[in-house]
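Structure at a glance
Chain by chain, the residues run as shown.
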Amino acid sequence: MRTGIVIEVSATDRSRLEAVVADRNSPQKHVWRAQIVLLTAAGCGTNEIMRQAGVAKTAVWRWQERFMQAGVDGLLRDKTRPSRIPPLGEEVTARVVALTVTDPPGETTHWTAAAMAKAAGISPSSVRRIWRSHGLQPHRVRQFKLSNDPQFAAKVRDIVGLYVDPPAHAVVLSLDEKSQIQALDRTQPGLPLKTGRCGTMTHDYKRNGTTTLFAALNVLDGQVIGRCMQRHRHQEFIRFLNTVEAEVPAGKLIHVILDNYAAHKHPKVIQWLARHPRWTFHFTPTSASWINAVEGFFAKLTKRRLKRGVFHSLVALQAAINRFLADTNNNPRPFRWTKDPDKIIAAVKRGYQTLEEVAGFV
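Thresholds, definitions, all that
- Residues numbered from 1 in each chain as written.
- Predicted model: local features only at pLDDT ≥ 70, side-chain atom pairs only at ≥ 80, totals over all residues.
- Heavy atoms only, no water.
- Helix = DSSP H or I, 4+ residues; strand = E, 2+ residues; numbered from the N terminus.
- Buried < 20%, exposed > 50% of the residue type's maximum accessible area, 1.4 Å probe, protein only.
- Contact = heavy atoms within 4.5 Å.
- Lys, Arg positive; Asp, Glu negative; His and termini not counted.
- Charge placed at Lys NZ, Arg CZ, Asp CG, Glu CD.
- Axes fitted to C-alpha atoms, helices over the stretch in contact; angles between N-to-C directions.
- Parallel < 35°, antiparallel > 145°, perpendicular 65-115°, else oblique.
- Left-handed = near helix turned anticlockwise from the far one by under 90°.
- Salt bridge = Lys/Arg side-chain N within 4 Å of Asp/Glu carboxyl O.
- Phe/Tyr/Trp six-rings, centres within 6.5 Å; stacked < 30°, edge-to-face > 60°.
- Arc of directions from axis to C-beta.
- Pairing = 2+ DSSP bridges.
- Nonpolar A, V, L, I, M, F, W, Y, C, P; charged D, E, K, R; others polar.

Next up on the list: the overall build of the protein chain. From N to C terminus, the protein chain includes 13 helices and five strands. Referenced to the eigenvectors of the C-alpha coordinate spread, the extents of the protein chain come out at roughly 110 × 50 × 50 Å. In the protein chain, which comprises 362 residues, the proportion classed as buried is 38%. Of the contacts made within the protein chain by residues no fewer than 6 positions apart, 67% connect residues no fewer than 24 positions apart. Of note, the protein chain has its 52 positive side-chain charges centred 5 Å away from the centre of its 30 negative side-chain charges.

For the pair helix H1 (residues 11–22) and helix H4 (residues 57–75), the least separation of the axes is 11 Å and the interaxial angle reads 45°. In terms of axis orientation, H1 runs oblique to H4. H1 and H4 meet at a crossing whose hand is left-handed. Along the contact surface, H1 presents Asp 13, Arg 16 and Leu 17, while H4 presents Phe 67, Val 72, Asp 73 and Leu 75.

To continue, consider the pattern of salt bridges. Within the structure shown, the criterion is met by nine salt bridges. For Lys 29, the salt bridge goes to Asp 78, with nearest N and O atoms at 2.6 Å. Note that Lys 29 is positioned in helix H2 (residues 28–41) and Asp 78 in the loop between H4 and helix H5 (90–100), a separation of 49 residues in sequence. In this structure Lys 29 comes out as partly exposed when scored by relative accessible area, which is 34%. A salt bridge links Asp 78 to Arg 33; its shortest N-O distance comes to 2.8 Å.

Before going further, it helps to examine the packing of aromatic side chains. According to the stated counting rule, one finds ten aromatic pairs in the structure shown. Both rings, one in Tyr 163 and one in Trp 337, keep their centres 5.5 Å apart while their planes meet at 25°; by these two values the pair is stacked. With a gap of 174 residues between them, Tyr 163 in helix H8 (residues 152–164) and Trp 337 in the loop between helix H12 (314–330) and helix H13 (341–359) connect regions that are remote in the sequence. Of the two residues, Tyr 163 and Trp 337, both sit in the buried class. Between Phe 237 and Phe 281, the ring centres sit 6.3 Å apart and the planes meet at 55°, which makes this aromatic pair tilted. Placement of Phe 237 in helix H9 (residues 234–247) and of Phe 281 in strand E5 (residues 279–283) is noted, with a sequence separation of 44 residues between them. A residue is classified by how much of its surface remains accessible, and Phe 237, at 1% relative accessible area, is buried. Judged by its relative accessible area of 14%, Phe 281 falls in the buried class.

We now examine H5. Those residues of H5 lying buried are Thr 93, Val 96 and Thr 100. Along the axis of H5, the buried residues cluster in a sector spanning 65°; they form a single face. Turned more than 90 degrees off the buried face of H5, the exposed positions are Glu 90 and Glu 91. Considering only its buried residues, H5 is in contact with helix H6 (113–120) and helix H7 (124–133).

Before going further, it helps to spend a moment on the sheet that holds strand E2 (residues 205–218). Judged by pairing direction, the sheet is mixed, and its five strands sit side by side in the order E3-E2-E1-E4-E5 without closing on themselves. Strands at the two margins of the open sheet, each flanked by one partner only, are strand E3 (224–229) and E5. Going from strand to strand, the sheet's axes swing by 25° on average, the running direction of each strand aside. Inspection of the sheet shows strand E4 (residues 253–258) paired to E5 by five bridges, in the parallel sense. Pairing of His 255 across the sheet is with Thr 280, part of E5. Against the sheet, helix H11 (residues 294–306) engages strand E1 (170–186), E2 and E3, with an angle of about 25° to E1.

Now for the packing of H11 against H12. Where H11 contacts H12, the axes come no closer than 11 Å and their chain directions differ by 120°. Comparing their axes, H12 and H11 come out oblique. Crossing hand, H11 versus H12: right-handed. Residues Phe 297, Lys 300, Leu 301, Arg 304, Arg 305 and Leu 306 of H11 lie in contact with H12, whose contacting residues are Leu 317, Ala 320, Ile 321, Arg 323, Phe 324, Leu 325 and Thr 328. Looking at the contact of H11 with H12, its residues break down into eight nonpolar, one polar and four charged.

So this is what it looks like as structure tokens:
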């Protein structure tokens, strides 16, 4: 033992140190630090402590001194050390942030960490750290489209009013068609899901034809009326309207929310409406099909039945869609609208203001 090193371990400290050594969940660095102190208190010399604890001489001396200064808590706490690499200055961070929101050099569309590191003279990891701290994600992009419908506000309030407060003695239907649904047959069977591996499917396929699903979602009870057809012209649309007409009880007014597809405004469709006075069409604003509730059903159908489906024929695809419709109608969920229409209208106005500021958009 070095001259001048005297360690006195109280009963309380001894019990704590022995508990650390005995606990199998203790970090190993805490275990050998506790062993150094216990062996020192037992009168063992430095060489014996080195042998039993399996550490170097400098480590023995360091933790003897640490215990004398800070007790058991000092053994269980590492001192903070300055970073080996000096932190980046605020001017470097500001420059990276400023460059990120500008166009990158050359024929590229967005910044990468490597490109920014080269431009700023720092490492790619530093660039990622700055981006993460400032919430910047130049590798990601979100799609949008602002409606240019002059009656946008009025149509939004009309449709939201149907969702939130539907007319008495009426049925509110959200209607649309999902076209070009492909009957894809994979070239090889997929491998099943197992521990450590997700399910797989081949990237190539054989297409066995396409179909179009016409669907009308009853927003009051969640029931869906659906029919698969080969095409999506005004003729098929009128056939589907006749199907809905037959299924809605007599005496009920029918309010239909639908988009501005040309087939929905065909002269023969207008004539059909004139012959069925209980029907009223409510068109969504242009470029605003997201307000149509049936789009949520289409998204669910795509993600849960079509995207991973394997269909050996067009008939098999249509049968699968019909079964999905039946499952949905066996456990329907009424549609609930929660967004304030005034907030939607205000957001669109802000979007146009931003476009005018950054690009002179008219």
